[in-house]
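# Reading the structure
One-letter residues, chain by chain:
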Amino acid sequence: MTLSIMTSTLADDVVEVSPSGEIDVENAYEIREAVAGQLAAGHLARIELNLQNVTFIDSVGISALVAAFQLAQVSEVKLIVTRPSRFAHRQLWVTGLLGLFGNPQPFGEADAAQPAVSGI
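Presented here is a report on the structure given in the accompanying data block. (Residues numbered from 1 in each chain as written. Predicted model: local features only at pLDDT ≥ 70, side-chain atom pairs only at ≥ 80, totals over all residues. Heavy atoms only, no water.)

Of all hydrophobic cores here, the largest spans 29 residues; its most connected members are Ile-47, Leu-49, Leu-65, Leu-79, Leu-92 and Phe-101. In this view, Leu-79 contacts Val-35, Ile-47, Leu-49, Ala-68, Phe-69, Ala-72, Leu-100 and Phe-101; residues no more than four positions away in its chain are not counted. (Core = buried A, V, L, I, M, F, W, Y, C linked by side-chain atoms within 4.5 Å. Buried < 20%, exposed > 50% of the residue type's maximum accessible area, 1.4 Å probe, protein only. Contact = heavy atoms within 4.5 Å.)

Moving on to unusual backbone geometry. Positioned with a positive phi, Arg-83 is a non-glycine residue whose angle comes to about 50°. Looking at the element boundaries, Arg-83 is found in the loop between β5 (78–82) and α3 (86–94). The partly exposed category is assigned to Arg-83, whose relative accessible area is 40%. The phi dihedral of Asn-103 falls on the positive side, at around 50°, and the residue is not glycine. Assignment of secondary structure puts Asn-103 in the loop between α3 and α4 (109–112). (Helix = DSSP H or I, 4+ residues; strand = E, 2+ residues; numbered from the N terminus.)

All right, on to the side chain of Asn-27 then. Examined against the element boundaries, Asn-27 turns out to sit in the loop between β2 (14–23) and α1 (29–41). What makes Asn-27 buried here is its relative accessible area of 6%. Of the polar contacts made by the side chain of Asn-27, one reaches the backbone oxygen of Glu-22; its length is 3.0 Å. Within the structure, Asn-27 has its side chain in polar contact with the backbone nitrogen of Asp-24 (distance 2.9 Å). Setting aside its immediate chain neighbours within four residues, Asn-27 contacts Leu-3 and Glu-22. (Polar contact = N/O pair within 3.5 Å; in protein donor to acceptor, adjacent residues only side chain to side chain.)

Its place among the elements puts Gln-38 in helix α1. What Gln-38 contacts, discounting residues up to four positions off in sequence, is Thr-7, Val-15, Val-17, Leu-44 and Ile-47.

The next subject is the packing of aromatic side chains. Scanning the entire structure with this criterion turns up two aromatic pairs. Their ring planes at 80° and their centres at 5.8 Å tell us that Phe-69 and Phe-101 sit as a pair that is edge-to-face. Separated by 32 residues along the polypeptide, Phe-69 in helix α2 (residues 59–74) and Phe-101 in the loop between α3 and α4 bring together distant segments of the chain. For the pair Phe-69 and Phe-101, one class covers both residues: buried. (Phe/Tyr/Trp six-rings, centres within 6.5 Å; stacked < 30°, edge-to-face > 60°.)

Considered for burial, the residues of α3 that qualify are Ala-88, His-89 and Leu-92. Mapping the buried residues of α3 onto a view down its axis gives an arc of 100°, with all of them on the same face. Residues of α3 that are exposed and point more than 90 degrees away from the buried face comprise Arg-86, Trp-93 and Val-94. Gly-96 sits one or two residues past α3 and shows a positive phi near 75°. (Arc of directions from axis to C-beta.)

Within the fold, Glu-16 resides in strand β2. Separated by 63 residues in sequence, Glu-16 and Leu-79 place their C-alpha atoms 9.8 Å apart. Side-chain polar atoms of Glu-16 contact the side chain of Ser-18, separated by 3.5 Å. Within polar-contact distance, the side chain of Glu-16 engages the side chain of Asn-50 at 3.2 Å.

In structure tokens form, the structure reads like this:
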């Protein structure tokens, strides 16, 4: 499967980068390049990596996320992961990197974690 990356502006100083598909050894560099492009384009306060449509990410992909984080940090821009797929969340958890990326909950978990309303 290929990787596609969409970017959108959420606010004047916040950009969302949304990869879809598999992030692996063949295309992981595209994540770093997408973040670098956003950093070069203007003054940002935050970049949000929306990983809800990432179906697979390997160690090279994780490394690319860390490299993107470091690029943003050098530019004094906060980079966080939002809405990770269950697979991406698990990979970030296993590698001990959830905290680095803002401790995101897996996509869909917030809805499932809501307590049931009782008529008591």
